Amino acid sequence: MDSLGPLNAFVQAAQTRSFTVAGRQLGVSSSAIGKAVARLEERLGVRLFHRSTRTITLTPEGALFLERCRRVFAEIEAAELELAQTQGAPRGKLRVSLPLAGMLMMPALSAFMRAYPEIELDLDFSDRLVDVIEEGFDAVVRAGENRDSRLMARALGTFRLKLVGAPDYLARRGIPRRPEDLRSHACLHHRYATSGKLEPWPLRRGRKHIEIDLPTTAVVNTIEPLIHMAEQGLGIACLPDFAVRRQLDDGALVTVLDSHTHHAGLFRLLWPSSRYVSPKLRAFADFMAQHLFPA
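Bear in mind that the values here come from a model prediction, so they are computed numbers and not experimental data.

Caption draft 1: Highlighting the pairing of strand β8 (residues 187-190). Burial of the side chains of β8 extends over both faces: Cys-187 and His-189 are buried on one face and Leu-188 and His-190 on the other. Two strands pair when backbone bridges link them, and β8 and strand β12 (residues 236-240) are joined in this way by 2 bridges, in the parallel orientation. Along β12, the bridge assignment pairs Cys-187 with Ile-236. Pairing of β8 with strand β11 (residues 218-220), which is carried by 3 bridges, proceeds in the parallel orientation. Bridging from a neighbouring strand, His-190 pairs with Val-220 of β11.

Caption draft 2: Expanded view of helix α9 (residues 279-291). If you check α9, its first and last C-alpha atoms are 18 Å apart, about what 13 residues at 1.5 Å a residue would give, namely 18 Å. Inspection of α9 places Pro-279, Lys-280, Leu-281, Ala-283, Phe-284, Ala-285, Phe-287 and Met-288 among the buried residues, and these make up the whole buried set.

Caption draft 3: Focus on the packing of helix α2 (residues 19-26) against helix α3 (residues 30-44). The interhelical angle for the contact between α2 and α3, taken along N-to-C directions, is 105°, at an axis separation of 7 Å. Considering the angle they form, α2 stands roughly perpendicular to α3. Between α2 and α3, the contacting residues are Phe-19, Thr-20, Ala-22, Gly-23 and Leu-26 on the first element and Ser-30, Ile-33, Gly-34 and Val-37 on the second. The residue inventory of the contact of α2 with α3, partitioned by class, reads 5 nonpolar, 4 polar and no charged.

Caption draft 4: The arrangement of the sheet that holds strand β14 (residues 265-272) in detail. Spatially, the 5 strands line up as an open sheet ordered β4-β3-β5-β14-β6, and their pairing is mixed. Each of the sheet's edge strands pairs with one partner strand only, and the pair in question is β4 (119-125) and β6 (151-159). Each strand of the sheet is rotated relative to its neighbour by a mean of 20°, with strand direction disregarded. Strand direction decides the pairing type here: strand β5 (residues 139-143) and β14, joined by 4 bridges, are antiparallel. Its bridge partner being in β14, Ala-143 is matched across the sheet by Phe-267. Against the sheet, helix α5 (residues 106-115) makes contact with β3 (92-98) and β4, and its axis sits at roughly 160° relative to β4, the strand it touches most. The strands that α9 touches are β3, β4, β5, β6 and β14; relative to β6, the one it contacts most, it runs at about 20°.

Rules used in this analysis
- Residues numbered from 1 in each chain as written.
- Predicted model: local features only at pLDDT ≥ 70, side-chain atom pairs only at ≥ 80, totals over all residues.
- Heavy atoms only, no water.
- Buried < 20%, exposed > 50% of the residue type's maximum accessible area, 1.4 Å probe, protein only.
- Helix = DSSP H or I, 4+ residues; strand = E, 2+ residues; numbered from the N terminus.
- Pairing = 2+ DSSP bridges.
- Expected span 1.5 Å × (residues − 1).
- Axes fitted to C-alpha atoms, helices over the stretch in contact; angles between N-to-C directions.
- Parallel < 35°, antiparallel > 145°, perpendicular 65-115°, else oblique.
- Contact = heavy atoms within 4.5 Å.
- Nonpolar A, V, L, I, M, F, W, Y, C, P; charged D, E, K, R; others polar.

Below, the structure written as structure tokens:
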């Protein structure tokens, strides 16, 4: 490892919480990572990690030092990228966290990979609310408001929740004409992975939101099974329009109660405000804003 090797070893170990995984990522042994960190601790005169037989966790001093190291590497990367901008297309690894529904964004992500083959995507699909800065992500894609003042944001596109069912299901059970009719239908629900609560259906009468005690025929914490169940005629589901665009276009699903549903959501790309906006991140933001939700 070069002169920045001990710092890099520390950062990788801190991000992965493992000397073994850090060594694998850097192409060295876990013992080399451990020795590099030990030398760094000896030089600094502080303990950077709490060590046990199974895990390592940052000490308060380690957490502070990690943020400083990230700034150092961010500045080095920024300098390298500024020099490289005139020498070709954006390149390098881009680490992005996406919601589990992000699997339905794969057409746009695949198109990005074809358009920018020099950019290596490292994608983490999870509905867990990741800490972008602490966990070392370049950016995250999330729905909802940005309440973290440390992050910059860019809108990627809007979506709406729709109530959908298969034509054969509606032929058997009848088409609901008013929200109360849903009480006699099989209702397929999405549970938030972070809170464990059911996602509310955006039912309205006029401009007033109404709450109805809906049957819970099935509850899942990801969207893809709900799409499958709805397509199989097992009930009515509340799903984002971008997730069922193909099914609506080919008639596998149809919407119901359109005049009684009202919802508008927004996907945003978030990244640390203190971080240099690299060409690879800028390319990703521009591309996804244009292609994620095509007209």
